[in-house]
Amino acid sequence: MGARGRGARVGLAGTIIGAVLVLAGATAAAQPLPSTASAEVEAVDVADFEERAQRWAEARRRAREEALRKAEELANANRSTTSTTTTTTRPPATTTTIRPRAATTTTTTTTTTTTTTTTTIASVTPTTPPGAGAVKHPIPAGTTEAQWHALRQCESTQNYRAVSRSGRYRGAYQFSIRTWDWVAGMHYPELVGVDPIDASPSDQDKMAYQLYEINGWDPWPTCRKRLPS
């Protein structure tokens, strides 16, 4: 074979080798990225996810704390409103406090004589005789003068300045201060705060008459049994 033939074969071999190199380069380019690159991408994604999760948890915690704070403020406001609110109601008729029948007593200048009862009344001689210069108030309908006379006799032996030994029940009808002020507040404001024994017999009578109009004879549970019909 001549020199031309050998040159042609060398050229063909070079072409084949070039083609093989081109194919090898293309195959290498088509292969996926190394596993280390994928690991780096995945690491970045996980870190981002964790950061977002932490932000979400923190936001949720703050929202919960804010809700709890507002609920506590509301509860405190309600408690404050309740503690500063007062309600004034009229005492129920069934709780009216009147001294049950106390023992009748006779008072001398220095000693007190007690009749057949277990309690006593420390009596004070009235400065104004009952009915002297006082306005006569009509008795409630359905009652008699005899009944009111008997009630006073049972409660205080007709003494408008009688005081129980405990000091709680006072006057001819043995009012407690609480009951006296309750009745006076509804009907006779000028008598609120007045000690029953300092009120005139006329005022004590009208207060007793008004109490009867509210509760009947019930404020005097013991003495009402001794009233004439």
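See above for the structure.
Here we summarise the structure given alongside this text. (Residues numbered from 1 in each chain as written. Predicted model: local features only at pLDDT ≥ 70, side-chain atom pairs only at ≥ 80, totals over all residues. Heavy atoms only, no water.)

## Examining the overall build of the protein
At step 1: When helices and strands are tallied, the protein shows five helices and six strands.
At step 2: Relative to all contacts within the protein whose residues are 6 or more apart in sequence, the contacts with residues 24 or more apart total 61%.
At step 3: On the protein, roughly 15,100 Å² of surface is accessible, and the fraction owed to carbon and sulfur atoms is 58%. (Helix = DSSP H or I, 4+ residues; strand = E, 2+ residues; numbered from the N terminus. Contact = heavy atoms within 4.5 Å. Areas by Shrake-Rupley, 256 points an atom, 1.4 Å probe, with all protein chains shown as cover.)

## A word on the nonpolar core
At step 1: Trp148, Leu151, Tyr173, Phe175, Met207, Trp217 and Trp220 are the most contacted members of the largest nonpolar core, which has 23 residues in total.
At step 2: Broken down by secondary-structure element, the contributors of at least two residues to this core are helix H3 (145-156), helix H4 (177-187) and helix H5 (201-215). (Core = buried A, V, L, I, M, F, W, Y, C linked by side-chain atoms within 4.5 Å. Buried < 20%, exposed > 50% of the residue type's maximum accessible area, 1.4 Å probe, protein only.)

## Details of the side chain of arginine 152
At step 1: You can see arginine 152 is positioned in helix H3.
At step 2: Despite its burial, arginine 152 remains without a salt bridge, the nearest opposite charge being carried by aspartate 205 at 4.1 Å.
At step 3: When neighbours within four sequence positions are excluded, arginine 152 is seen to be in contact with Thr157, Gln158, Tyr160, Ala172, Tyr173 and Asp205. (Lys, Arg positive; Asp, Glu negative; His and termini not counted. Salt bridge = Lys/Arg side-chain N within 4 Å of Asp/Glu carboxyl O.)

## Examining unusual backbone geometry
At step 1: At threonine 157, a position not held by glycine, the phi torsion is positive, near 55°.
At step 2: Relative to the assigned elements, threonine 157 resides in the loop between H3 and strand E4 (163-164).
At step 3: The phi dihedral of glutamine 158 falls on the positive side, at around 65°, and the residue is not glycine.
At step 4: For glutamine 158, a relative accessible area of 17% corresponds to the buried category.

## Regarding the state of the cysteines
At step 1: According to the stated counting rule, one finds one disulfide in the structure shown.
At step 2: With a sulfur-sulfur separation of 2.0 Å, cysteine 154 is cross-linked through a disulfide to cysteine 223. Residues cysteine 154 and cysteine 223 are joined through a disulfide that is left-handed, its torsion about the S-S bond being -75°. One end of the pair, cysteine 154, is in helix H3; the other, cysteine 223, is in the segment after H5, with 69 residues separating them in the sequence. (Disulfide = S-S within 2.5 Å.)

## Focus: the pattern of salt bridges
At step 1: One pass over the full model with this rule turns up eleven salt bridges.
At step 2: The shortest N-O distance in the salt bridge between glutamate 51 and arginine 55 comes to 3.1 Å. Taken together, the positions of glutamate 51 and arginine 55, both in helix H2 (residues 35-84) and four residues apart, correspond to about one turn of that helix.
At step 3: With relative accessibility at 44%, the residue glutamate 51 sits in the partly exposed group.
At step 4: Where lysine 206 meets aspartate 203, a salt bridge forms, and the shortest distance between an N and an O atom there is 3.3 Å. Linking lysine 206 with aspartate 203, this pair stays in helix H5, spanning three residues, or about one helical turn. Per residue, the accessibility class of lysine 206 equals that of aspartate 203, and both read buried.

## Considerations on H5
At step 1: Here H5 is 15 residues long and its end C-alpha atoms lie 21 Å apart, about the 21 Å a rise of 1.5 Å per residue gives.
At step 2: By the criterion of burial, H5 is predominantly enclosed, with 13 of the 15 residues buried.
At step 3: Where H5 terminates, the next one or two residues include glycine 216, which has phi positive at roughly 65°. (Expected span 1.5 Å × (residues − 1).)

Any link to function would need more than the numbers given here.
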